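Analysis of the macromolecular model
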Amino acid sequence: MTETSRRKLIVAAGAGAAVGGVALTSGRAAAATATRHPDSAHETVVAYVKDHRSAELRLMVGEREVVVHDRDLVTRILNAAGGQ
């Protein structure tokens, strides 16, 4: 993975990933309506999509891994990351 791709992923992940509600927003209007749950992550979160055709998303949260099956969330992450 190139440094530019890592930066895009980190920016996309920082755009509004929340583990508790598992939401990702890429626009200011949508981000303003998102509410963090009290039990949401307080550590660094990294999203990993192994297969762009699947609905599986792996979240590395601190020292643990959370597997989420959410086709819409995977699609929004891939769209936020862009392509070349």
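Note: the structure precedes this text.
The next thing to look at is the nonpolar core. Nonpolar side chains tend toward joint burial in soluble globular proteins. With eleven residues, the main nonpolar core is built from A41, A47, V49, L57, L59, V61, V66, V68, L73, V74 and I77. When contributions to this core are tallied by element, the ones reaching two or more residues are β2 (56–61), β3 (64–69) and α3 (71–81). Every residue in contact with V49, bar those within four places of it in the chain, is listed here: E56, L57, V74, I77 and L78.

The antiparallel open sheet is built from three strands, whose spatial order is β1-β2-β3. Looking at which strands have only one partner, the edges of the open sheet turn out to be β1 (45–48) and β3. Averaged over all pairs of adjacent strands, the angle between strand axes in this sheet comes to 25°, irrespective of strand direction. Direction of pairing for β1 relative to β2: antiparallel, over a ladder of four bridges. In the sheet register, V46 faces β2, and the bridge partner there is M60. Of the strands in this sheet, β1, β2 and β3 are in contact with α3, which crosses β2 at around 70°.

Turning next to the pattern of salt bridges. On inspection of all chains with the given rule, the structure shows four salt bridges. Here R53 and D51 are joined by a salt bridge, their closest N and O atoms 3.2 Å apart. A residue is classified by how much of its surface remains accessible, and R53, at 62% relative accessible area, is exposed. Where E65 meets R58, a salt bridge forms, and the shortest distance between an N and an O atom there is 2.5 Å. The class for E65 is partly exposed, based on a relative accessible area of 45%. Look at the salt bridges and you will find they share partners, linking E56, R58 and E65 into a network.

Moving on: the environment of H52. Positionally, H52 belongs in the loop between β1 and β2. For the pair formed by H52 and V74, sequence separation is 22 residues and the distance between their alpha carbons is 7.6 Å. Every residue in contact with H52, bar those within four places of it in the chain, is listed here: R71 and L78.

Conventions and cut-offs
- Residues numbered from 1 in each chain as written.
- Predicted model: local features only at pLDDT ≥ 70, side-chain atom pairs only at ≥ 80, totals over all residues.
- Heavy atoms only, no water.
- Core = buried A, V, L, I, M, F, W, Y, C linked by side-chain atoms within 4.5 Å.
- Buried < 20%, exposed > 50% of the residue type's maximum accessible area, 1.4 Å probe, protein only.
- Helix = DSSP H or I, 4+ residues; strand = E, 2+ residues; numbered from the N terminus.
- Contact = heavy atoms within 4.5 Å.
- Pairing = 2+ DSSP bridges.
- Axes fitted to C-alpha atoms, helices over the stretch in contact; angles between N-to-C directions.
- Salt bridge = Lys/Arg side-chain N within 4 Å of Asp/Glu carboxyl O.

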